[in-house]
Amino acid sequence: KRVILAKRPVDLPKDEDFSVIEEPIGQLKEGEVLVKVEWLSVDASQRVYISGQRSYTDPVPVGGVIKGLGVGQVIESQSHAFKKGNYVSGLLGWQEYSKLPANHLTLLPPHENPRLFLGVLGITGLTAYFTVNELAKPKPGETMLVSTAAGAVGSLICQMGKMKGCKVIGLTGSDEKCQYLTRELGIDGAINYKKVENLSQAIKAACPDGVDVYIDNVGGEILDAALLNINKYARIVMCGAISSYNKKTAPPVHYYPLIISMSATIVGFIVFDFKNKYGLATKHLSKWLQQKKLKFSEHIVDGLENAPSALRLLLKGENTGKVLVRVTSGSPKL
């Protein structure tokens, strides 16, 4: 069973933009591995993959399996690198079984829960780690503002900001998420941007000394509101731009001249830029987990056929924490 792209979505993806099909897997070739997919990561970047727009990876063609990171168990291997029973991660795609060359897979350590490698020990955790430690480099006593603060990446960034000794303020879309950020994660304040009349003024009230570090996952109006509050030499890290993912053109940013007048820096990146540092970062993330310095939450959706609705709820901001699809599958048709 596979989920394929039936047509390019317009605005928020709809069920009819996808199709669930069944196809035989076929025999393994030399060097290939057959993986039973157990968990799939749902990420905002998948909206870009299915749009046909230019990105850091080729778009999903109409009729193609939706790209997605996953973890699963090897059930057959024609490679010396993997044996039956190994747990692996990789771009397994939205399907029950994935047949891939061995060099496209990563062997997971047996002592960790495999699905953590789609969240806090995977691309999600790595993105947060490099945002804070390689790019933002916050100093003790500085004020850090984080958008989509209750999301999978944002919630980890908030906690890392606190570990660095910062005052951390989160932007999110519900009162429940604000409570999660302040009570569960222990950050200094949270703003429900959907309820305030003037977001820039709300940020000013929460950050009276201004914003030294802004982590942006949204763009558009929220980026503008943050720019109106930045300090001299502020660092702005662009992690994502979810406000633009369902649109043909990104919403405008009006106050970008403040980047010049405040001598601020603004940088965009993708996690693969730091591939040579994955090992060190994962070691730190694992240690912080063991020390209970990092908390995380998961929003689990059951069933491969519900992956499109899982993507939709993520894009609408209806999740708290990492969105995962638990894949249920029968025996493979070889």
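These numbers were taken from a predicted model, which means no experiment stands behind them. (Residues numbered from 1 in each chain as written. Predicted model: local features only at pLDDT ≥ 70, side-chain atom pairs only at ≥ 80, totals over all residues. Heavy atoms only, no water.)

Visitor: How should the environment of Trp 288 be read in this particular structure?
Guide: Residue placement: Trp 288 occurs in helix α8 (residues 278–290). Along the backbone, Trp 288 and Val 42 are 246 residues apart, and their C-alpha atoms lie at a distance of 24 Å. Setting aside residues no more than four positions away along its own chain, Trp 288 makes contact with Tyr 129, Asn 133, Met 160, Met 163, Lys 293 and Leu 294. (Helix = DSSP H or I, 4+ residues; strand = E, 2+ residues; numbered from the N terminus. Contact = heavy atoms within 4.5 Å.)

Visitor: What am I meant to see in empty space enclosed by the protein here?
Guide: Rolled over the atoms, a probe as big as a water molecule pinpoints where empty space is left. Counted according to the given criterion, the structure contains 1 cavity of 30 Å³ or more. Volume-wise, the largest cavity comes out at about 80 Å³. Surrounding the largest cavity, 13 residues form its lining, Gly 119, Val 120, Phe 296, Ser 297 and Lys 322 being those nearest its centre. Counting residues per element, the lining of the largest cavity draws most heavily on helix α3 (residues 152–163), at 3 residues. When its residues are assigned to classes, the lining of the largest cavity shows 5 nonpolar, 5 polar and 3 charged. (1 Å grid on protein atoms, 1.4 Å probe; cavity = no way out; pocket = protein on both sides within 12 Å on 5 of 7 lines; lining within 4 Å. Points joined across faces, edges and corners; volume = space filled by probe spheres on them. Nonpolar A, V, L, I, M, F, W, Y, C, P; charged D, E, K, R; others polar.)

Visitor: Please clarify how the side chain of Ser 51 should be interpreted in this entry.
Guide: Note on placement: Ser 51 falls in the loop between α1 (45–49) and β4 (70–77). Overall, the relative accessible area of 18% leaves Ser 51 in the buried class. Here the side chain of Ser 51 touches Val 48 through a polar contact of 2.7 Å, landing on its backbone oxygen. (Buried < 20%, exposed > 50% of the residue type's maximum accessible area, 1.4 Å probe, protein only. Polar contact = N/O pair within 3.5 Å; in protein donor to acceptor, adjacent residues only side chain to side chain.)

Visitor: Explain the nonpolar core here, please?
Guide: Nonpolar side chains in soluble globular proteins tend to end up buried together. If you look at the biggest cluster of nonpolar residues, it comprises 42 residues, and the most contacted ones within it are Phe 130 and Met 160. Contributions of two or more residues to this core are made by α2 (123–136), β8 (143–146), α3, α4 (175–184), β11 (211–216) and α8. It is α2 that contributes the most residues to this core, 6 residues altogether. Once residues lying within four places of it in the same chain are set aside, the contact partners of Phe 130 are Leu 135, Phe 269, Val 271, Phe 274, Lys 277, Tyr 278 and Ala 281. Leu 5, Val 33, Leu 311 and Val 325 belong to the second largest nonpolar core, which has 32 residues in total. (Core = buried A, V, L, I, M, F, W, Y, C linked by side-chain atoms within 4.5 Å.)

Visitor: Would you explain α8 in this entry?
Guide: An α-helix turns once per 3.6 residues; consequently, residues spaced three or four apart project the same way. Its 13 residues give α8 an end-to-end C-alpha distance of 18 Å, which sits within 8% of 18 Å, the value for a rise of 1.5 Å per residue. Among all positions in α8, only Tyr 278, Ala 281, Leu 285, Ser 286, Trp 288 and Leu 289 are buried. The arc that holds every buried residue of α8, seen down its axis, measures 160°, which confines them to one face. Residues of α8 that are exposed and point over 90 degrees away from its buried face: Gly 279, Lys 283 and Gln 290. On its buried face, α8 sits against α2 and α3. Phi turns positive one or two residues past the end of α8, at Lys 292, with a value near 60°. (Expected span 1.5 Å × (residues − 1). Arc of directions from axis to C-beta.)

Bear in mind that shape data such as this cannot, by itself, settle questions of function.
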